[in-house]
Amino acid sequence: MSEQNNQPEQEVEAQENLEQVAEELQGGEELSAEAEIAVLNAELEAAKQTIEEQKDSVIRAAAEVENMRRRAAQDVEKAHKFALEKFANELLPVLDNLERAIEFADKENEAVKSVIEGVEMTAKSFVDAVAKFGVEVVSPQGEAFNPEFHQAMSIQPSADVAPNTVIAVMQKGYLLNGRLLRPAMVMVSKAAE
């Protein structure tokens, strides 16, 4: 900091020396050794100032390049991590339909029992396949309501569970590498009156 404060003083001194030398030259006088030293010192100070400015601009440019590299690397990482977001969002309704088919199927009917079993295996393999690519299921049954991952569809008074507890999941939610794809649609409890 003191070096920066001395720079304006040095510049003023160098300017005064240059003015003194200019006066001596106009008067036709030959430069004295002191005047020559003053001229050289003034030129040296001007060169030093230019060098400092150049150093500063080089350091700033290098920092800007490094920041650009870092931002580009982060953008590429995010692109790799979340490239499947649209594709995963398109697959979620298919998974919902498989789960609804299982839920509403007549499990007592022997004629469709093997079909239901096949649909269950398909749904399980579907969930396993998307899990390999970072898709996680959010099914918060019995957990505390979290507005970051759950969407409350209704509130039901309940004496059986604590207030703000998920008592029913109407539709599962999903995350992609920790980012919410779709919130879980839930029914939340409130204190019984």
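Quick caveat, the model's predicted, so the values are computed rather than measured.

What counts as what
- Residues numbered from 1 in each chain as written.
- Predicted model: local features only at pLDDT ≥ 70, side-chain atom pairs only at ≥ 80, totals over all residues.
- Heavy atoms only, no water.
- Helix = DSSP H or I, 4+ residues; strand = E, 2+ residues; numbered from the N terminus.
- Buried < 20%, exposed > 50% of the residue type's maximum accessible area, 1.4 Å probe, protein only.
- Areas by Shrake-Rupley, 256 points an atom, 1.4 Å probe, with all protein chains shown as cover.
- Expected span 1.5 Å × (residues − 1).
- 1 Å grid on protein atoms, 1.4 Å probe; cavity = no way out; pocket = protein on both sides within 12 Å on 5 of 7 lines; lining within 4 Å.
- Points joined across faces, edges and corners; volume = space filled by probe spheres on them.
- Nonpolar A, V, L, I, M, F, W, Y, C, P; charged D, E, K, R; others polar.
- Contact = heavy atoms within 4.5 Å.
- Salt bridge = Lys/Arg side-chain N within 4 Å of Asp/Glu carboxyl O.
- pLDDT = per-residue confidence, 0-100.
- Core = buried A, V, L, I, M, F, W, Y, C linked by side-chain atoms within 4.5 Å.
- Arc of directions from axis to C-beta.

**Points about the overall build of the protein**
- Each helix and strand counted, the protein has 4 helices and 6 strands in total.
- Starting at the N terminus and ending at the C terminus, the protein contains elements arranged as α-α-α-α-β-β-β-β-β-β.
- Counting the 193 residues in the protein, one finds 21% classified as buried.
- Element-wise, carbon and sulfur atoms account for 55% of the exposed surface of the protein, whose accessible area totals about 13900 Å².

**Some thoughts on helix H3 (residues 85-104)**
- Helix length check: H3, at 20 residues, gives a terminal C-alpha distance of 29 Å against a target of 28 Å (1.5 Å per residue), a fit within 8%.
- Where H3 is concerned, the buried positions are Ala88, Leu92, Leu95, Asp96, Leu98 and Ile102.

**Some thoughts on the layout of surface pockets**
- Here the largest pocket defines a volume of roughly 260 Å³.
- Forming the walls of the largest pocket are Asp96, Glu99, Arg100, Glu103, Ser139, Val169, Met170, Gln171 and Lys172.
- Those elements giving two or more residues to the lining of the largest pocket turn out to be H3 and strand S3 (166-171).
- Here the lining of the largest pocket gets 4 residues from one element, more than from any other, and that element is H3.
- When the residues that make up the lining of the largest pocket are grouped by side-chain class, the tally is 2 nonpolar, 2 polar and 5 charged.

**Topic: the environment of Val135**
- Tracing the backbone shows Val135 in strand S1 (residues 135-138).
- Considered as a pair, Val135 and Tyr174 are 39 residues apart in the sequence and their alpha carbons are 6.6 Å apart.
- In contact with Val135, not counting residues within four places along its chain, are Ala88, Val130, Tyr174, Leu175, Leu176 and Leu181.

**With respect to the pattern of salt bridges**
- On inspection of all chains with the given rule, the structure shows 10 salt bridges.
- Residues Lys113 and Glu110 are paired through a salt bridge, measuring 3.5 Å at the closest nitrogen-oxygen approach. Of the two residues, Lys113 and Glu110 both sit in helix H4 (residues 110-131), 3 residues apart, roughly one turn of that helix.
- Residue class for Lys113 comes out partly exposed when judged on its relative accessible area of 40%.
- Residue classification places Glu110 among the exposed residues on the basis of a relative accessible area of 58%.
- Here Lys124 ties to Asp128 by a salt bridge, and the two come within 3.0 Å at their closest N and O atoms.

**So, the confidence of the model for the protein**
- Scored by pLDDT, the protein has a mean of 85; 84% of the residues are at 70 or more.
- Per-element confidence in the protein ranges from a low mean pLDDT of 59 for helix H1 (residues 2-26) to a high of 93 for strand S4 (residues 173-176).
- A low-confidence stretch, residues 1-5 (pLDDT under 50), is modelled with 0 contacts involving residues beyond four sequence positions or located in other chains.

**A look at the nonpolar core**
- Core analysis: the biggest nonpolar cluster contains 10 residues, these being Phe82, Ala88, Leu92, Leu95, Phe126, Val130, Val135, Tyr174, Leu176 and Leu181.
- Elements that contribute at least two residues to this core include exactly H3, H4 and S4.
- Looking at this core element by element, the count peaks at 3 residues for H3.
- With sequence-adjacent residues up to four places away left out, Ala88 is seen in contact with Val135 and Leu181.
- Grouped together as the second largest cluster of nonpolar side chains are 6 residues, Leu175, Ala184, Val186 and Val188 included.

**Thoughts on H4**
- The end-to-end C-alpha separation of H4 is 32 Å, in line with the 32 Å expected for 22 residues at 1.5 Å each.
- Those residues of H4 lying buried are Ile116, Ala123, Phe126 and Val130. The buried residues of H4 occupy an angular sector of 80° when projected down its axis, which confines them to one face. Opposite the buried face of H4, by more than 90 degrees, sit the exposed residues Glu110, Ser114, Met121 and Lys124.
- Elements in contact with the buried residues of H4: H3 and S1.

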